[in-house]
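Residue-level listing of the chains:
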Amino acid sequence: MPRPRDGRLDLYGDGNPSLIVWSDNGVVVLKNGTVPLANTGLENLKGVVSIAPGDFNNDGLPDLAVITHSAHRVRQPERKI
């Protein structure tokens, strides 16, 4: 069974890193590394292989590229604090 993976990124620009945890079963975003967030747009993704942060649309804010076994997606997280 694949092990869960994680990444840290300041998704909300508050100076505190958010923790992104994923596995074949889905994705969970933890604000400040501890508070699970709902309605991120990522919770229904299955078969996640990798998630990479970057500024893919050059707006100065972090975005996420998500690769699954069947597709890819770029996600711009909502910045609700």
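Residues numbered from 1 in each chain as written. Predicted model: local features only at pLDDT ≥ 70, side-chain atom pairs only at ≥ 80, totals over all residues. Heavy atoms only, no water.

Colleague: Give a description of the overall build of the protein chain that names residues and reports values.
Modeller: The secondary structure content of the protein chain amounts to 0 helices and 7 strands. When contacts within the protein chain are restricted to residue pairs at least 6 apart in sequence, those whose partners lie at least 24 apart make up 22%. (Helix = DSSP H or I, 4+ residues; strand = E, 2+ residues; numbered from the N terminus. Contact = heavy atoms within 4.5 Å.)

Colleague: Give a detailed account of unusual backbone geometry, specifying residues and quantitative values.
Modeller: Even without a glycine there, the phi angle at Asn32 is positive, about 60 degrees. The residue Asn32 is located in the loop between strand E3 (26-31) and strand E4 (35-36) in this model. Taking relative accessible area as the criterion, Asn32 reaches 35% and is therefore assigned partly exposed. For Asn58, which is not a glycine, the phi torsion comes out positive at approximately 55 degrees. Since its relative accessible area comes to 69%, Asn58 is described here as exposed. (Buried < 20%, exposed > 50% of the residue type's maximum accessible area, 1.4 Å probe, protein only.)

Colleague: Lay out the nonpolar core with the relevant residues and their values.
Modeller: Membership of the largest hydrophobic core comes to 13 residues, with the highest contact counts inside it found for Leu11, Ile20, Val27, Leu42, Val48, Ile51 and Leu64. Residue assignment for this core shows that the elements contributing at least two residues are strand E2 (18-23), E3, strand E5 (48-54) and strand E6 (63-68). Here Val27 is in contact with Ile20, Val21, Trp22, Leu42, Glu43, Leu45, Val48 and Ile51, once residues within four sequence places are set aside. (Core = buried A, V, L, I, M, F, W, Y, C linked by side-chain atoms within 4.5 Å.)

Colleague: Lay out the environment of Asp14 with the relevant residues and their values.
Modeller: With respect to the secondary-structure elements, Asp14 resides in the loop between strand E1 (5-9) and E2. Residue Asp14 is classed as partly exposed on the basis of its relative accessible area, which comes to 27%. Taking C-alpha positions, Asp14 is 9.0 Å from Asn32, a pair spaced 18 residues apart along the chain. For Asp14, the residues in contact, after removing those within four places along its chain, are Lys31 and Asn32. At 3.0 Å, the side chain of Asp14 forms a polar contact with the backbone nitrogen of Asn16. (Polar contact = N/O pair within 3.5 Å; in protein donor to acceptor, adjacent residues only side chain to side chain.)

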